[in-house]
Amino acid sequence: MPGPSLSRRRFLALAGAGSAAVALAGCGSAKKASPVPASGPEVQAAEEARRRSGAAVRDVAITAAALTADLGDGLQVPTWGYGATVPGSEIRIKAGDVVRARFTNRLPEATTIHWHGISLRNDMDGVPGMTQPVVDPGASFDYEFTAPDPGTYWFHPHVGLHLDRGLYSPLIIEDPAEPGAYDREYVVVLDDWTDGLGQSPEMHMEDLRAGRGPHAAHQAGGGPHSEFLNSGGGDVNYALYLLNGRRSETPVEFVARRGERIRFRIINAGADTPFRVALGGHQLTVTHTDGFPVEPVTVDTLMIAMAERYDVTVTVAGDGVFPLVAVAEAKADEAMAVVRSGAGDVPPSSVRPRELDGRILRRSDLVAAESVRLPAGRPDRTYKVSLGGGDAGYVWTLNGKPHGKNKPLEVRQGERVRLDFENTTTMFHPMHLHGHTFQVVNPGKPAGARKDTAIVRPDEPLSVEFIADNPGQWMIHCHNNYHQEGGMMLTLSYVTDRALTSQERASPLGLVCDWVARSVG
Ligand code: C2O
Ligand code: CU
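Here the structure is a predicted model, which is why all the values come from computation and not from measurement. (Residues numbered from 1 in each chain as written. Chains lettered and ligands numbered in written order. Predicted model: local features only at pLDDT ≥ 70, side-chain atom pairs only at ≥ 80, totals over all residues. Heavy atoms only, no water.)

1. As for the packing of aromatic side chains
Then comes step 1: Evaluation of the coordinates by the stated rule reveals 13 aromatic pairs.
Then comes step 2: With a centroid separation of 5.0 Å and an interplanar angle of 40 degrees, the aromatic rings of W115 and F155 are classed as tilted. In this pair, W115 sits in strand β6 (residues 114–116) while F155 sits in strand β8 (residues 151–156), placing the two residues 40 residues apart along the sequence. With respect to burial, W115 and F155 carry one shared label: buried.
Then comes step 3: The interplanar angle of 90 degrees and the centroid separation of 5.5 Å between the aromatic rings of Y394 and W396 together place this pair among those described as edge-to-face. (Phe/Tyr/Trp six-rings, centres within 6.5 Å; stacked < 30°, edge-to-face > 60°. Helix = DSSP H or I, 4+ residues; strand = E, 2+ residues; numbered from the N terminus. Buried < 20%, exposed > 50% of the residue type's maximum accessible area, 1.4 Å probe, protein only.)

2. Some points on helix α2 (residues 41–50)
Then comes step 1: Restricting attention to buried positions, one finds in α2 the residues E42, V43, A46, E47 and R50. Mapping the buried residues of α2 onto a view down its axis gives an arc of 135 degrees, with all of them on the same face. In α2, the exposed positions that point more than 90 degrees away from the buried face belong to E48 and A49.
Then comes step 2: Where α2 is buried, its residues meet β7 (140–146) and β32 (489–496). (Arc of directions from axis to C-beta. Contact = heavy atoms within 4.5 Å.)

3. A look at the confidence of the model for the chain
Then comes step 1: On average, residues of the chain carry a pLDDT of 91, and 91% of them reach 70 or more.
Then comes step 2: Ignoring residues within four places in sequence, the model shows residues 1–30, a span with pLDDT below 50, making 54 contacts including any to other chains.
Then comes step 3: Predicted confidence for residues 513–521 stays below pLDDT 50, and this span has 35 contacts to residues more than four positions away or in other chains. (pLDDT = per-residue confidence, 0-100.)

4. Re the coordination of the copper ion (ligand 2)
Then comes step 1: In the first shell of the copper ion (ligand 2), the protein supplies H429 (ND1), C478 (SG) and H483 (ND1), at 2.0 Å from the metal.
Then comes step 2: The motif formed by the donor residues of the copper ion (ligand 2), counted along the single chain, is H-x48-C-x4-H.
Then comes step 3: We classify H483 as buried; its relative accessible area is 1%. (Donors = N, O, S within 2.8 Å, 3.2 Å for Na, K, Ca; no water.)

5. Notes on the pairing of strand β17 (residues 292–299)
Then comes step 1: Strand direction decides the pairing type here: strand β16 (residues 284–289) and β17, joined by 5 bridges, are antiparallel. Note on β17: the bridge partner recorded for T285 is T298. (Pairing = 2+ DSSP bridges.)

6. Side note on the sheet that holds strand β22 (residues 381–389)
Then comes step 1: The 6 strands are arranged β23-β22-β25-β30-β27-β28 in an open sheet whose pairing can be described as mixed. Of all strands in the sheet, those with a lone pairing partner are β23 (396–398) and β28 (450–451), marking the two edges.
Then comes step 2: Pairing of β22 with strand β25 (residues 416–423), which is carried by 7 bridges, proceeds in the parallel orientation. By the bridge assignment, R381 is partnered in β25 with V417.

7. Thoughts on the nonpolar core
Then comes step 1: I62, W115, F254, F264, V286, L419 and F421 are the most contacted members of the largest nonpolar core, which totals 113 residues.
Then comes step 2: Discounting residues that sit within four places of it in the chain, F254 has contacts with Y186, V187, V188, L243, N244, F264, L324, A337, V338, V339 and R340.
Then comes step 3: A69, L71, V77 and I267 belong to the second largest nonpolar core, which has 16 residues in total. (Core = buried A, V, L, I, M, F, W, Y, C linked by side-chain atoms within 4.5 Å.)

8. Side note on the domain arrangement of the chain
Then comes step 1: The assigned domain composition of the chain is domain 1 (8–30 + 500–520), domain 2 (49–174), domain 3 (184–361) and domain 4 (370–499).
Then comes step 2: Of note, the centres of domain 2 and domain 3, computed from C-alpha atoms alone, are 23 Å apart.
Then comes step 3: Taken together, the 29 residues of domain 2 in the interface contact 33 residues of domain 3.
Then comes step 4: Taking both partners together, domain 2 and domain 3 bury about 2600 Å²; carbon and sulfur atoms supply 59% of that area.
Then comes step 5: For domain 2, the biggest contributors to the area lost against domain 3 are L71, T152 and D164; these three give 26% of the whole. (Domains from an automatic or database assignment. Buried area = accessible area lost by both parts, 1.4 Å probe.)

9. Remarks on the side chain of S386
Then comes step 1: Along the chain, the position of S386 falls in strand β22.
Then comes step 2: We classify S386 as buried; its relative accessible area is 14%.
Then comes step 3: Within the local environment of S386, its side chain forms a polar contact with the side chain of E422, the two groups lying 3.1 Å apart.
Then comes step 4: Those residues in contact with S386, other than ones at most four positions away along the chain, are T397, L398, N399, G400, E422 and T424. (Polar contact = N/O pair within 3.5 Å; in protein donor to acceptor, adjacent residues only side chain to side chain.)

10. A word on the environment of E329
Then comes step 1: Residue position: E329 is located in the loop between β20 (321–328) and β21 (333–340).
Then comes step 2: Separated by 104 residues in the primary sequence, E329 and H225 place their C-alpha atoms 8.6 Å from one another.
Then comes step 3: Beyond its immediate sequence surroundings of up to four residues, E329 is in contact with S226, F228, L229, G233, P274, R276 and M303.

11. Description of the pattern of salt bridges
Then comes step 1: Under the definition given, this model contains 40 salt bridges.
Then comes step 2: Among the ionic pairs, E460 bridges to R457, the shortest N-O distance being 3.0 Å.
Then comes step 3: Here R457 falls in the buried class, since its relative accessible area comes to 11%.
Then comes step 4: Within the structure, one salt-bridge network assembled from shared partners comprises E90, R92, K94, E174, E178, E185, R263, R265 and D311. (Salt bridge = Lys/Arg side-chain N within 4 Å of Asp/Glu carboxyl O.)

12. Focus on the sheet that holds β17
Then comes step 1: An order of β12-β11-β10-β14-β19-β16-β17 is seen for the 7 strands of this open sheet, with the pairing classed as mixed. Because the sheet does not close on itself, it has two edges, and the strands there are β12 (246–247) and β17.

13. Details of helix α3 (residues 201–209)
Then comes step 1: Among all positions in α3, only P201, H204, M205, D207 and L208 are buried. Around the axis of α3, the buried residues are gathered within 160 degrees of arc, so they sit on the same side.
Then comes step 2: Packing partners of the buried residues in α3 comprise α4 (214–219) and α5 (481–485).

14. Comments concerning unusual backbone geometry
Then comes step 1: A cis amide bond, omega -5 degrees, links V86 with the succeeding residue P87.
Then comes step 2: Inspection of the secondary structure puts P87 in the loop between β3 (76–82) and β4 (91–94).
Then comes step 3: For Y394, which is not glycine, the phi dihedral falls at a positive 55 degrees.
Then comes step 4: Its place among the elements puts Y394 in the loop between β22 and β23.
Then comes step 5: By relative accessible area, Y394 is classed as buried at 1%.

Structure follows, in structure tokens:
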């Protein structure tokens, strides 16, 4: 093994492989296809195809650092964030722009940034040891990528449980040809909060591994149950739930006028909590999910799992103060904001608008807008992804093994790939694919929603299809940060018949070869 700057052991630890007892294997043996390296020519070519001549370049500086967050009413908590606030400040660009982000890590631990949902070049995806080395404390990393698709996105770390601190920011990509008519737009970021108030995320993980907490109760057949999810709401008890960094006692106010149309871009940045969202006195017209448009559908309420996004439009029904509520599903607490179009008191933080019990958005309600549907076709390749684990030791698996031991799903560029998720656990899982936006298979409908994260309920399979048009090495994982850390990840590996150059094999990211070969072996 050559001497890359990232030691193998550290690589394994940071990538969450959780196992050192793995034999090293060679890369690109004579017969086997080689994994496409994260910065290989295939990746460069895909980026060139995305990049428009004269594309605007947006320079941003992002620093991860310890800070004191004010969660409202003088509640100050020490945490980690991107900049001076939680959420970190939003990045807003136009589709096709190039993001050039100088990232500086002032945390005491190594970290990375993952640009959730963006079909970006593989070597900017932020997965340590797989697409880039970690960014050490005090070090910087320059991210630069074309952001091809408009929509509501966000970014967060891809190391350990960093996501369950205050490290998250919206990334809004405006559509130069925006068809939607609305008067105002607000970004709504939901989060479940423990850091600085009670146990740290790492302490929660220790509890889970030791069989303590809501997860253990649920495994034993008890604990609060969500009918919608056919499972519990999560594995961790949080001190607070936040909307745009505020607890519900001191909600943010979204100002509007009667009759105006507001577009809310709702992002769930929580680590372990699905939220049921409703606006008192209003219905929600869902126009996009995970950035991509759907045929508009109007409902009373919707469930947003970790890392999902929903864009909804509402027409302000009158003069008043309306609670925008996000109830932590099966956790008996909520986050809140208010829409203010007139005088009046802010409702109590325990308010439960009746819309919460009205018509809820279902997977089968969502049909991709025609402009973003995949062309009709049959999959070239179908993989089963079986979700398992969660028993003693809190090990979660995909296809029977935790990450690092399970076999990467190999694909070739240009293929249409189908993933059949089946859930053998007692918990729901929001499954996320990096670098691609899949299309949910919606039997009887022309096309389900285009999404990058979708809920898989126990005993209810989910099938998705995507075009393998973004070469590299990509993660498929549960976006419950604790499940992910417990091993619920899998690699989607583009392979090629070309022989890798010796430089590709020797580079730190040539480690990808070991990663894949090791898991296949
Ligand atoms: Cu937002 Cu690997 O995820
Ligand atoms: Cu999960």
